[in-house]
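# Descriptive analysis of the structure
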Amino acid sequence: MSTTSKSHCPEEDADVTSCLLVVVLVVASDGVLTIVLTHGVKMPIQCSSCSEKRAALRRPKTGHSLCKECFFGAFEEEIHQTIVAATLFKPGETVAIGASGGKDSTVLAHVMKTLNERYNYRLNLLLLSVDEGITGYRDDSLETVKRNQQQYDLPLKIVSYEELYGWTMDAIVKQIGLKNNCTFCGVFRRQALDRGAIMLKVDKICTGHNADDVAETVLMNVLRGDIARLRRCTAISTASEGEGVIPRCKPLKYAYEKEIVLYAYFKKLDYFSTECIYSPNAYRGHARTFLKDLEAVRPSSIIDVIHSGENLSVKEGVKMPVQGTCGRCGYISSQALCKSCVLLEGLNRGLPKLGIGKHHRLHGKILNQQPLTEQEKRKLKAVDF
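The structure contained in this document is the topic of the report that follows. Please read all numbers here as calculations on a predicted model, not as lab measurements.

## Observations concerning the pattern of salt bridges
Under the criterion given, the structure shown has 25 salt bridges. The salt bridge involving Arg59 is made with Glu259; its shortest N-O contact spans 2.7 Å. Residue Arg59 is located in the loop between strand 4 (57-58) and strand 5 (65-66), and its partner Glu259 is located in helix 9 (residues 257-266); the two are separated by 200 residues in the primary sequence. Both residues of the pair, Arg59 and Glu259, count as buried. Across the pair Lys113 and Glu117 runs a salt bridge whose closest N-O atoms are separated by 3.1 Å. Here the residue Lys113 and the residue Glu117 both occupy positions in helix 2 (residues 103-118), the gap between them amounting to 4 residues, near one helical turn. Residue classification places Glu117 among the exposed residues on the basis of a relative accessible area of 58%. What you see here is one network of salt bridges that share partners, running through Lys103, Asp104, Asp212, Glu257, Lys258, Lys292 and Glu295.

## Re unusual backbone geometry
A positive phi is found at Arg122, a non-glycine position, where the angle reads about 60°. Topologically, Arg122 is positioned in the loop between helix 2 and strand 7 (124-131). Residues other than glycine seldom take positive phi values, yet Asn180 does so here, at roughly 75°. Position of Asn180 relative to the elements: it lies in the loop between helix 5 (169-176) and helix 6 (181-200).

Calculation criteria
Residues numbered from 1 in each chain as written. Predicted model: local features only at pLDDT ≥ 70, side-chain atom pairs only at ≥ 80, totals over all residues. Heavy atoms only, no water. Salt bridge = Lys/Arg side-chain N within 4 Å of Asp/Glu carboxyl O. Helix = DSSP H or I, 4+ residues; strand = E, 2+ residues; numbered from the N terminus. Buried < 20%, exposed > 50% of the residue type's maximum accessible area, 1.4 Å probe, protein only.

Structure representation (structure tokens):
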């Protein structure tokens, strides 16, 4: 899913306060998201907050016309209130910021450093990145992360799929094709972040998931009928779910993607603006297209969907998965083997379909290192990519 950041503004040094900057998110039929910054109203409008300066933008979230300084203040204060209301951090904690080089994680790193100094959170902040091994994408974005490290003066740790799993995403896609590849990457990346955080001995991980991401996840889980994930996908933080699992939180949970783009633009932050080359067929793209259509008609749809997810309840008697630990690596799992170990076993055995779909009955054989029957192998190899 390719994301392009385009600016239709005059020179950066020019006075653009006589017209409001607005963000247009265009989603093509294949799920490709294009971010366009363009000028809206062509007449001078006073900032609705300070009433002193001319407005430079219209907030997508509220519709208010604000000058840059008032927008920065409102955006940062809302994130501060989110952090305080949910008690996301405690003084003295070491917090790893998941850094990909994209707009969300870059804005998160900038805002977390700013708020930590302004409100004296007394947090020890670090940057943690995952190198999936995607030539022409991740290697370029990691260069942005390395510049961010210098710009924000924060320590940086990079962990890679190759060192953790013995595979890169390039090698995985070569074996499995472009269908279901996001399943492998998502599962491996989540565990890689935890492993990196353990190496750094951090207390928490904070990620750049924004309001749009959370709303999309709610829609995806509704469409898939995944009650277990639907119950927990709107949580702003996750408690430690077992040994080797670091609590996570989402300080940008209520921040609109459009406002993150505006913040990064006006702050002139250094970020990488192209999304993964392997994700054009991702299921999330369909939920994103639907959500953007809703937002165009009703801007509050994003927050409305999140609040709906937060207030969902499951009737008594519904069987829910019980969290345990993986029999091989000790990671959290509701099955005998965690998803990561099953996917990795499938790759190493040349049976890529082993981790796709429901093959729980084979977990015992894998744990006991028993060979699969020829019929089982044929089913797992017969993947239509």
